Amino acid sequence: MAQQSWPQELQKLPFNPLLSLVFLIPFLYIFKRIRSSKPNLPPSPPKIPIIGNLHQLGTLPHRSLQYVWGEEVEALINKIRDTCLTGGSVNPSEMFTATTNNIASRCILGQKFEEESGIIPSLKSTIGGLDAIFDQVIGEHETQKIDDDQPNRLDFDMFVAGTDTSSTALEWLMAEIIKNPRVMKRAQEEVRVVSKKSKIDMNDINKMDYLKCVIKETLRLHPPIPLLLPRETLTSVKIGGYDIPPNTRVVTNALAIQTGPKVWDRPEEFLPERFEGNPVDFRGQDFEFIPFRAGRKGCPGLTFGVASVESVIANIIYWFDWKMPGDNVQGENLDMSEVSGLTVTKKIPLHLVPMPHSS
Ligand code: HEM
């Protein structure tokens, strides 16, 4: 019988070509599968295994983040200064949105928010809309389906959940202090006494007790998410004498709780003084005040969100005085109607004239 053998040149090779193919083909197949199944994830700073991006925060993470806040707030102030030169008005809602987007995207996604570059729109279309994101975040948390891709998905979810809420809080705060000149005056006096330098830092802000009361009162009267996301009961419970069966959908109305006349004195009025010397806080221990929800499902971005609001508002009332556009238009008459979207925002966007403050 004729022996089939390799051509002589192949026999001289230092390896067996057939055997190599036997190993190479499965390897190439697996490699291709891995590459083609790799999802197109949202951007994030390069991470290293196990610790992710922690190393990039440095040894003093609060100082690094104070990354970002300092630069972005300075950019906002410069933009408002430019408007002052022309004597025009600004739309603070738009500016707050851009600033909180930039702060959150730089801290969370590692990239600046650029509407033109398409980073954020492409992320939104990748995942399929904001409502879907919330549904999915809830689903993932409840079923504990955590996979390797989750850090990136969560980075993005954090970004979405963090930007609208913070800019909405800022818009309502600004509207309330324009409507209540007494509160604006007191807050500005405090900020300008505590800070007498070109940059307001977190140490200064921590001494601004009245400003913190103003922020609390804004979140009490205008929680950015007034109707908290629906949850379901796991077992049967008794509440107020009523039997609630398992799997009942529960929607908590934070606004109704925070303006309940049995708990709050003059609940519909904007009175930051109610929080002076009052230990009631929004950190989830006081169930009459829950703008960040409470318990295990409470907002994980609370500290970040509050710090962003504090640093933006302290700076813009330090550097500028504010008035309504037009002669003799009083802030007291400001329209406070609401419109409901992902968050509840002002129906008629705020327009204000900034005037540089000279000490
Ligand atoms: C003033 C600012 C903010 C307010 C008022 C706020 C409020 C809330 C509330 C009420 C919830 C709970 C929703 C619910 O389950 O019913 C929530 C969840 C969440 N927040 Fe915030 N938030 C703020 C800022 C932020 C920031 C800055 C971030 C991220 C950096 C963030 C990230 C999240 C995330 C990821 C969730 C979902 C948590 C989960 O899946 O259980 N939030 N927020």
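What this report covers is the structure whose coordinates are included nearby.

Reading the values: the criteria
Residues numbered from 1 in each chain as written. Predicted model: local features only at pLDDT ≥ 70, side-chain atom pairs only at ≥ 80, totals over all residues. Heavy atoms only, no water. Phe/Tyr/Trp six-rings, centres within 6.5 Å; stacked < 30°, edge-to-face > 60°. Buried < 20%, exposed > 50% of the residue type's maximum accessible area, 1.4 Å probe, protein only. Donors = N, O, S within 2.8 Å, 3.2 Å for Na, K, Ca; no water. Helix = DSSP H or I, 4+ residues; strand = E, 2+ residues; numbered from the N terminus. Pairing = 2+ DSSP bridges. Expected span 1.5 Å × (residues − 1). Axes fitted to C-alpha atoms, helices over the stretch in contact; angles between N-to-C directions. Parallel < 35°, antiparallel > 145°, perpendicular 65-115°, else oblique. Contact = heavy atoms within 4.5 Å. Nonpolar A, V, L, I, M, F, W, Y, C, P; charged D, E, K, R; others polar.

1. A few points about the packing of aromatic side chains
No. 1: Counting across every chain of the model gives seven aromatic pairs.
No. 2: Taking 5.9 Å as the distance between ring centres and 70 degrees as the angle between the ring planes, the aromatic pair formed by Phe320 and Trp322 counts as edge-to-face. In terms of burial, Phe320 and Trp322 fall into one category: buried.
No. 3: Ring pairing ties together the aromatic residues Trp264, Phe275, Phe282, Phe289 and Phe292, which thus form one cluster.

2. A short note on the coordination of the iron atom of the ligand
No. 1: For the iron atom of the ligand, the sole protein-derived donor is Cys299 (SG), lying 2.3 Å away.
No. 2: Turning to its location among the elements, Cys299 is positioned in the loop between α11 (254-258) and α12 (302-319).

3. Section: the pairing of strand β5 (residues 320-323)
No. 1: Residues of β5 alternate between two faces, with Phe320 and Trp322 buried on one and Asp321 and Lys323 left unburied on the opposite face.
No. 2: With four bridges connecting them, β5 and strand β8 (residues 353-356) associate as antiparallel partners. Note on β8: the bridge partner recorded for Asp321 is Met355.

4. Some remarks on helix α10 (residues 209-221)
No. 1: Here α10 spans 19 Å end to end across 13 residues, near enough to the 18 Å set by a 1.5 Å rise per residue.
No. 2: Tyr210, Leu211, Cys213, Val214, Ile215, Lys216, Glu217, Thr218, Leu219, Arg220 and Leu221 are the residues of α10 that are buried.

5. As for helix α8 (residues 181-194)
No. 1: The end-to-end C-alpha separation of α8 is 20 Å, in line with the 20 Å expected for 14 residues at 1.5 Å each.
No. 2: Residues of α8 that are buried include every one of Val183, Met184, Ala187, Gln188, Glu190, Val191 and Arg192, and no others.

6. Thoughts on the packing of α8 against α10
No. 1: Packing of α8 against α10 leaves a shortest axis separation of 8 Å and a crossing angle of 140 degrees. Looking at the two axes, α8 sits oblique to α10. The residues of α10 that touch α8, namely those facing Arg182, Val183, Arg186, Ala187 and Glu190, are Asp209, Tyr210, Leu211 and Val214.
No. 2: Taken together, the residues that form the contact of α8 with α10 break down as five nonpolar, no polar and four charged.

7. Description of the environment of Pro291
No. 1: Within the secondary structure layout, Pro291 lies in the loop between α11 and α12.
No. 2: For Pro291, a relative accessible area of 10% translates into the label buried.
No. 3: The spacing of Pro291 and Ala254 is 37 residues in sequence and 6.5 Å in space, taken between C-alpha atoms.
No. 4: What Pro291 contacts, discounting residues up to four positions off in sequence, is Leu219, Pro223, Gln258 and Phe282.

None of this, on its own, says anything about what the molecule does.
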